[in-house]
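Breakdown of the fold
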Amino acid sequence: MSSFGLLAEYENPAQLYAACERVRDAGYTKWDACSPFAVHGLDKAMGLKPSTLPWWVLGIAISGSIFMFFFQIWAMVYAYPFILAGKPLFSIPAYVPCWYEATVLSACLTAFFGNWALNGLPRYHHPAFSSRSFARVTDDKFFIMIESRDPQFDATAAEALLKDTGASSVEELED
Amino acid sequence: MANAAPSTSLALPDDPNVRGDIVLEDPIEGREPLVRGDRDFHYITEAVCRGNELPLMKTPSTFVFGLLLAFAGFLLFGGYVGWLFWEGPGIWGNNNPVSWAWDIVNFVFWVGIGHAGTLISAILYLFRQKWRMGVNRYAEAMTIFAVICAASCVVLHTGRIWLDYFLFPIPNQMQLWPNFRSPLEWDVFAVNTYFTVSLLFWFTGLVPDFATLRDRATVKWRQLFYGALALGWRGSARHWVTYEKAYQILAAFSAPLVLSVHSVVSFDFAVSQLPGWHTTIFPPYFVAGAIFGGFAMVQNLIIPARAWLGLKDIITIRHIENMNKIILLTGSLVGYAYGMEFFVAAYSGNEYEGFTFINRAFGPYWWAYWIMLSCNVLSPQLFWFKKLRTNLYLSWIVAALVNTGMWFERFVICVTSLHRDALPSSWEYFVPRTEVLFLLGTFGLFLFLFLLFIRFFPVIAISEVKTILPQANPHWEGYAHAKGGH
Amino acid sequence: MSHHIEKPTDITVPPTSLWAKLPMIGGALAVVGLGATLGSAFGHDKARAMFSYLFAYELVLSIALGSLGFVLIQHLVRAGWSITVRRVAETAMATLPLFLVLWIPIGLLGLHELYPWTHETDEILERKRWFLSNGFFFGRAGLYLVGWSVLAIFLYRSSVKIDSLTDMGEKKKVIHLIWKVSAAGIFFYALTQSFQAIDWLMGLTPHWYSTIFGLYYFAGSILAMYAFVSLATMALQRAGMIKKAVTAEHYHDLGKFTFGHTVFWAYIAVSQLIIIWFGNIPEETEYYMARMGGGWEIVSYALPVTNFFIPFLYLVSRHVKRHRTAFAVGCIYTLVMRVVDVYWLVLPSYGAHGEGAHEPHLAVHWLDVAAVVGVAGAFLAVFGWLMNKNKVIAIGDPRLEESLAHENY
């Protein structure tokens with residue numbers, strides 16, 4: 001069994017926040033913090049980049065929007081021209097609602113699936129799940145994991161760092 | 001975090017069943033704490049999960065009774081659908097000219113109910129109204145179940161139900177597409193988008209809470225059930241970043257959805273030339289009415305539920321009061337729209353417009369109009385008084401009245417506008433035949449789903465409510481004191 | 001997050017800044033612009049002058065009236081974030097008595113030129129006489145204008161009064177009164193702002209009617225207000241006031257509302273259009289038909305793009321809303337587009353009735369510019385005068401600290 005890394009437990013968001021700043025400053029890259037809720041500002045403390053999700057959503061929403069607009073024109077004007085309710089075949093006001101709904105739908109589907117895809121979920125197994133204390137990550141405990149595949153990972157140094165940040169316990173995770 | 005600064009150090013009683021009902025004065029400085037009692041993160045987890053984690057066999061008998069009752073309603077719904085399928089819409093009282101009656105009334109009623117959920121989860125989220133976190137999960141669940149009811153009404157009203165797939169733009173050998181220039185097709189798009197987005201939004205919010213239930217599960221089925229739904233969520237900060245962005249985007253797109261869905265529903269009526277339907281204020285008026293009715297339904301569900309589940313510390317009287325204020329606001333907006341319609345009918349100098357509105361108020365269906373007006377416009381005005389809007393019983397009663405009024409509003413719009421059309425020889429009075437069973441059936445379906453939701457899903461957004469506790473802020477002053485000389 | 005945020009001290013207009021001269025500058029502009037416009041109203045260009053004047057009046061009024069709505073709403077929802085910028089809106093709102101004076105030319109000079117119902121008659125107009133009659137028209141106008149003035153003066157005075165109060169009990173009394181008045185005031189505001197739009201704008205085409213029209217004006221007016229308040233706040237900061245009190249967080253929120261009301265305006269506009277277009281009833285479509293010829297069709301086709309798509313795509317970005325210069329560009333753009341929108345509401349009715357009636361055609365006249373300069377000058381003069389007179393921020397508000405510490409998340 002190879003080691004996945006170290007798991008440190010913290011009691012509150014303030015400790016976690018301070019610890020994250022230290023781990024970030026120590027130069028680790030393959031590490032993570034886990035918390036029961038989104039701790040405000042933790043992304044800054046960890047030095048995380050903003051999510052790329054909005055760009056995906058923007059791109060796909062605009063594509064969906066353009067597609068639906070032209071699809072309606074094609075279907076109404078070219079594919080099967082048919083005058084209904086005395087409305088011209090090409091009538092932009094009447095295209096607005098479906099056009100709009102398709103835009104929203106493509107944006108929301110992207111946001112939803114993009115969220116899971118970018119996060120690599122669903123992932124039903126994770127080494128941290130083998131830790132007994134980690135079960136409280138969705139309740140009231142806070143964790144930091146430093147992975148052993150981090151280029152500058154050194155078990156003793158990392159453990160010392162985590163202990164020094166006030167972790168209530170540090171344990172090793174197996175892969 | 002000014003929102004969480006406990007400004008009133010008023011001694012509240014310790015009994016959690018009383019504390020949440022104590023009415024505090026509107027502070028002019030600082031904010032009332034959103035969660036009452038000095039609560040920690042673990043309390044929130046416990047309080048919310050308690051109900052879900054009761055062993056199946058120990059479900060309280062009152063709940064089982066309620067569930068069975070709702071199930072009976074659900075069966076009624078199923079039976080009615082079967083009957084409708086077999087006989088066709090001939091079992092309704094619809095006639096010519098009243099070709100749209102209870103079926104559409106029910107549809108508009110239910111789809112309107114849903115709007116409060118979307119408003120709470122999307123618009124109040126964007127406005128950073130943190131009190132919404134106590135109630136958003138209920139309201140979102142309500143949205144989904146209400147839209148299911150609405151969709152079933154509209155799917156079933158087409159007559160030849162088995163041909164409903166015509167509504168969708170499915171490539172076919174005739175190369176025929178649905179008419180995108182028809183308001184009814186807009187409706188198909190609007191309602192489907194609305195349902196899909198609401199479901200995605202709701203599920204996204206639920207995932208971290210499913211993970212909580214998964215991690216606490218002691219029984220195999222619960223581990224598997226919640227484990228599967230939780231998608232392996234582990235609260236990673238890297239995930240939270242994208243997750244929150246996704247949540248924000250979903251909220252941002254749901255916000256205009258609140259406007260668009262009921263607007264499109266209103267177009268079904270308003271783009272016609274029928275006096276009483278054809279009026280430009282319909283879209284915002286329908287939206288205001290939808291939010292109005294939706295909040296009333298939230299009140300009707302949440303006032304008993306918070307007491308029953310012992311969640312009064314999280315859903316306090318302040319939540320009820322805030323929602324009553326929204327009911328007052330939207331009720332008044334609806335009143336504005338009624339008034340504006342009436343005024344413009346008179347102002348227009350158009351005889352047909354004038355006749356329709358006089359007929360609404362004083363014609364054969366005068367009673368429906370006055371029920372609508374007194375329930376929707378007058379009864380919420382009681383909420384001008386703090387004493388009344390913080391009275392739980394009264395809030396519940398007014399909410400029930402508003403729901404009644406909103407149903408009648410749709411009845412007034414549909415039936416009274418149609419029953420006197422341009423040709424007096426075809427005037428006809430609409431009398432329902434079996435439709436009341438349809439309405440009861442949809443209520444059965446709605447309550448059945450809702451009770452199942454209460455039993456098995458976390459009814460409060462656990463991970464969100466934790467963020468509004470003062471200690472969720474890593475820079476909370478409490479930590480600075482604890483650290484001392486650090 | 002620092003916890004003890006200092007109350008701002010840079011809260012009065014420095015005597016050397018341009019702000020101190022604003023009343024003078026505004027006054028001069030008002031004299032020139034109003035002089036030219038109203039002077040022309042006595043010549044053969046009278047009709048044109050009155051249309052330009054009404055356009056300018058409704059344009060600037062929309063900012064003042066929007067501010068009244070904004071202040072009422074902030075009090076009713078107990079808003080905390082907006083306190084650092086509320087005084088700017090309150091000051092814009094406090095100019096409402098000016099509009100009582102500025103309305104006099106419309107009532108005394110231009111009624112005949114502007115509103116065909118005052119002298120024309122036909123079967124439909126006869127049926128509308130109960131509403132469209134001189135006496136009732138003046139009575140309503142009086143009610144709106146006096147009501148707004150009283151409400152605005154009360155809210156402004158109360159807010160200024162809190163600046164100097166130190167006792168929390170006394171503050172509480174004033175604030176509770178403000179809350180009560182706001183609750184009643186919002187009803188008055190909702191009805192009167194709709195009916196002024198019906199009276200003064202919808203009345204230009206007396207056969208036409210649309211129930212959403214009051215909301216259309218409201219949407220544009222609140223939008224203009226947000227753009228104006230943001231710009232004025234930036235100008236205050238440039239002149240060295242409230243440097244730290246207003247942060248990117250506040251601009252972010254103002255930007256969100258500007259963005260939101262851009263969408264809201266588009267929603268109302270498209271609702272009206274779709275219903276009238278689809279219904280295709282001649283007495284309703286005349287409104288759009290008048291805007292579909294003689295050059296106006298260019299504006300009509302441009303409006304969805306210039307007033308919705310462009311600002312939507314521009315303001316949707318978080319960076320734009322938080323970046324002062326970028327946001328300023330957005331606000332200026334929004335205000336310019338508000339000018340176009342009101343122009344499009346008013347001017348197509350010019351020359352459509354009475355002697356020499358002709359098909360509407362788009363022709364910008366120097367009087368349009370003069371009228372806007374005049375009315376906006378008068379507005380800025382009063383606005384600047386009040387800004388100089390009192391503190392530029394609601395320094396005494398008990399929730400000021402919350403607003404100072406405001407963060408978006």
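Refer to the structure printed above.
Just so you know, these numbers come straight off a predicted model, no measurement behind them. (Residues numbered from 1 in each chain as written. Chains lettered and ligands numbered in written order. Predicted model: local features only at pLDDT ≥ 70, side-chain atom pairs only at ≥ 80, totals over all residues. Heavy atoms only, no water.)

**Focus: the overall build of chain C**
The number of helices and strands found in chain C is 15 helices and 0 strands. Computed over the C-alpha atoms, the radius of gyration of chain C is 22 Å, within 12% of the 22 Å expected from 2.2 N^0.38 for a compact globule of 409 residues. Here the C-alpha coordinates of chain C stretch approximately 70 × 40 × 40 Å along the principal axes. Classification of the 409 residues of chain C by burial places 60% in the buried group. (Helix = DSSP H or I, 4+ residues; strand = E, 2+ residues; numbered from the N terminus. Rg over C-alpha atoms; globule rule 2.2 N^0.38 Å. Buried < 20%, exposed > 50% of the residue type's maximum accessible area, 1.4 Å probe, protein only.)

**Remarks on the side chain of Thr212(B)**
For Thr212(B), the location among the structural elements is in helix 6 (residues 183-216). Thr212(B) sits in the buried class, given a relative accessible area of 2%. The contacts of Thr212(B), once residues within four sequence positions are left out, are Thr138(A), Thr45(B), Cys49(B) and Ile462(B). (Contact = heavy atoms within 4.5 Å.)

**A closer look at the interface of chain C and chain A**
Every contact between the two is made by 8 residues of chain C and, on the other side, 9 residues of chain A. When the two sides are added together, the surface that chain C and chain A hide from each other amounts to roughly 750 Å², 83% of it contributed by carbon and sulfur. There are 0 salt bridges connecting chain C and chain A. Inspection of the region where chain C meets chain A yields 1 residue pair in polar contact (both at pLDDT 80 or more). The residue makeup of the side of chain C that touches chain A, split by class, is 7 nonpolar, no polar and 1 charged. (Buried area = accessible area lost by both parts, 1.4 Å probe. Salt bridge = Lys/Arg side-chain N within 4 Å of Asp/Glu carboxyl O. Polar contact = N/O pair within 3.5 Å; in protein donor to acceptor, adjacent residues only side chain to side chain. Nonpolar A, V, L, I, M, F, W, Y, C, P; charged D, E, K, R; others polar.)

**Examining the packing of helix 9 (residues 282-308) of chain B against helix 9 (residues 248-279) of chain C**
Helix-helix packing is characterised by the crossing angle of the two axes and by the distance between the axes. Contact geometry for helix 9 of chain B and helix 9 of chain C: axes closest at 9 Å, N-to-C directions at 120°. As far as their axial angle goes, helix 9 of chain C and helix 9 of chain B are oblique. Between helix 9 of chain B and helix 9 of chain C, the contacting residues are Pro283(B), Pro284(B) and Val287(B) on the first element and Tyr267(C), Ile268(C), Ser271(C) and Ile275(C) on the second. Across the contact of helix 9 of chain B with helix 9 of chain C, the residue classes break down as 6 nonpolar, 1 polar and no charged. (Axes fitted to C-alpha atoms, helices over the stretch in contact; angles between N-to-C directions. Parallel < 35°, antiparallel > 145°, perpendicular 65-115°, else oblique.)

**Overview of the packing of aromatic side chains**
By the definition in use, this model includes 127 aromatic pairs over all chains. When the centroid spacing of 4.8 Å and the interplanar angle of 65° are considered together, the rings of Phe343(B) and Phe131(C) count as edge-to-face. Remark: Phe131(C) occurs in the loop between helix 5 (123-127) and helix 6 (134-164) and Phe343(B) occurs in helix 10 (residues 317-347); the pair is interchain, linking two chains. Judged by its relative accessible area of 11%, Phe343(B) falls in the buried class. (Phe/Tyr/Trp six-rings, centres within 6.5 Å; stacked < 30°, edge-to-face > 60°.)

**A word on the interface of chain A and chain B**
Facing 70 residues of chain A, the contacting portion of chain B comprises 61 residues. Summing both partners gives a buried area of about 5,700 Å² for chain A against chain B, and 70% of it is carried by carbon and sulfur. Counting the contacts that link chain A with chain B gives 1 salt bridge. We note a salt bridge from Asp32(A) to Arg238(B), for which the minimum N-O separation is 3.9 Å. Secondary-structure elements contributing two or more residues to the side of chain A that touches chain B are helix 1 (13-25), strand 2 (31-34), helix 2 (42-46), helix 3 (53-79), helix 4 (92-119) and strand 3 (142-147) of chain A. For the side of chain A that touches chain B, the leading source of residues is helix 4 of chain A, giving 17 residues. Counted by class, the side of chain A that touches chain B contains 50 nonpolar, 11 polar and 9 charged residues.

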